[in-house]
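What follows is the residue order along each chain.
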Amino acid sequence: MKVVETIVHGLVLDPRTQQHVVVLQERDGRRVLPIWIGPPEALAIQRLLADERFPRPLTHDLMALVIEGLRARVARIVIADMREGTFFASLFIEREQQVLSIDARPSDCIAVALRTKAPVFVNETLLQEPPSQEQPAPGGGGSADHGSGAGDGQPVIPGSQQ
């Protein structure tokens with residue numbers, strides 16, 4: 001599997017489904033991967049993107065603190081597959097020459113990667129060209145960490161970005 005490094009391009013609200021969508025964009029290109037996520041994960045990602053700090057650790061902060069406390073580090077995350085409309089991702093943790101791969105939801109992986117400043121990689125086959133501005137807003141949105149449900153098995157980006 002060939003993977004491509006991405007950045008979190010934005011977080012949007014799909015106007016038709018009222019679901020949050022995190023949009024990843026390849027670092028050295030324009031292809032994107034939109035992923036529909038739940039409200040708690042969207043809030044965590046939004047706060048991390050805005051560099052907001054809280055007096056007490058939130059869930060993703062706690063996970064990062066535990067990893068750091070074990071003298072390990074998040075090496076990378078990889079969003080590797082989409083099956084039956086659900087994305088699959090792994091969190092790669094390194095400690096003393098060992099690498100541990102942990103299966104996790106993409107939204108959780110993205111939040112932890114933002115918190116720990118770890119790179120986010122995506123299976124190249126999941127990336128797609130962004131829609132043109134003339135295209136109408138899509139009709140679907142799956143459930144959290146799912147594709148669009150638009151019928152063709154490919155995720156699509158909702159109307160406008162914030």
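Up top is the structure.
Everything numeric here is computed off the predicted structure, so don't read it as measured data.

(A) Geometry of the overall build of the protein. A tally of helices and strands in the protein yields 3 helices and 7 strands. Seen in sequence order, the protein has helices and strands lined up from the N terminus as β-β-β-α-α-β-β-β-α-β. Counting the 162 residues in the protein, one finds 42% classified as buried. When the accessible area of the protein is evaluated, it comes to approximately 9100 Å², of which 51% is carbon and sulfur surface.

(B) Main features of the nonpolar core. Counting residues in hydrophobic clusters, the biggest one holds 31 residues, and the most contacted among them are Val22, Leu24, Leu33, Ile35, Ile77, Ile79 and Ile110. The set of elements that each furnish at least two residues to this core consists of β1 (3-13), β2 (20-26), β3 (32-37), α1 (39-49), β4 (73-83), β5 (86-95), α3 (106-116) and β7 (120-123). Discounting residues that sit within four places of it in the chain, Val22 has contacts with Val8, Gly10, Leu11, Leu33, Pro34, Ile35, Ile37, Ile45 and Ile110. If you look at the next biggest cluster of nonpolar residues, it comprises 5 residues, including Val12, Val21, Val23 and Trp36.

(C) Just the pattern of salt bridges, in detail. Applying the stated criterion to the full structure yields 12 salt bridges. For the salt bridge of Glu26 with Arg31, the shortest nitrogen-to-oxygen distance reads 2.9 Å. For Glu26, a relative accessible area of 11% corresponds to the buried category. Where Glu94 meets Arg73, a salt bridge forms, and the shortest distance between an N and an O atom there is 2.9 Å. Taken together, the residues Glu94 in strand β5 and Arg73 in strand β4 connect sequence positions 21 residues apart. Overall, the relative accessible area of 46% leaves Arg73 in the partly exposed class. Several salt bridges converge on common partners, so that one network encompasses Lys2, Glu26, Arg31 and Glu124.

(D) Molecular detail of a nonpolar patch on the surface. A contiguous nonpolar surface patch, about 280 Å² in accessible area, is contributed by Leu62, Val66 and Leu70. Examined against the element boundaries, Leu70 turns out to sit in the loop between α2 (59-69) and β4.

(E) Highlighting the environment of Arg31. Tracing the sequence through the fold places Arg31 in the loop between β2 and β3. Between the C-alpha atoms of Arg31 and Pro130, which are 99 residues apart in sequence, the distance is 6.0 Å. Side-chain polar atoms of Arg31 contact the side chain of Glu26, separated by 2.9 Å.

(F) Quick look at α1. Of all the positions in α1, only Glu41, Ala42, Ala44, Ile45 and Leu48 are classed as buried. In an axial view of α1, the angular spread of the buried residues amounts to 160 degrees, which keeps them on one side of the axis. Structural note: α1 exposes Pro39 and Pro40 on the side pointing more than 90 degrees away from its buried face.

(G) Just the packing of α2 against α3, in detail. Contact geometry for α2 and α3: axes closest at 9 Å, N-to-C directions at 60 degrees. Judged on the interaxial angle alone, α3 and α2 are oblique. Seen along the crossing, α2 lies across α3 with a hand that is right-handed. Here α2 contributes His60, Asp61, Met63, Ala64, Leu65 and Glu68 to the contact with α3, which in turn contributes Asp108, Ala111, Val112, Arg115 and Thr116. Here the contact of α2 with α3 is composed, by residue class, of 5 nonpolar, 2 polar and 4 charged.

About the thresholds
Residues numbered from 1 in each chain as written. Predicted model: local features only at pLDDT ≥ 70, side-chain atom pairs only at ≥ 80, totals over all residues. Heavy atoms only, no water. Helix = DSSP H or I, 4+ residues; strand = E, 2+ residues; numbered from the N terminus. Buried < 20%, exposed > 50% of the residue type's maximum accessible area, 1.4 Å probe, protein only. Areas by Shrake-Rupley, 256 points an atom, 1.4 Å probe, with all protein chains shown as cover. Core = buried A, V, L, I, M, F, W, Y, C linked by side-chain atoms within 4.5 Å. Contact = heavy atoms within 4.5 Å. Salt bridge = Lys/Arg side-chain N within 4 Å of Asp/Glu carboxyl O. Patch = residues over 30% accessible without salt bridge, like charges linked within 9 Å, V, L, I, M, F, W, Y side chains within 5 Å. Polar contact = N/O pair within 3.5 Å; in protein donor to acceptor, adjacent residues only side chain to side chain. Arc of directions from axis to C-beta. Axes fitted to C-alpha atoms, helices over the stretch in contact; angles between N-to-C directions. Parallel < 35°, antiparallel > 145°, perpendicular 65-115°, else oblique. Left-handed = near helix turned anticlockwise from the far one by under 90°. Nonpolar A, V, L, I, M, F, W, Y, C, P; charged D, E, K, R; others polar.

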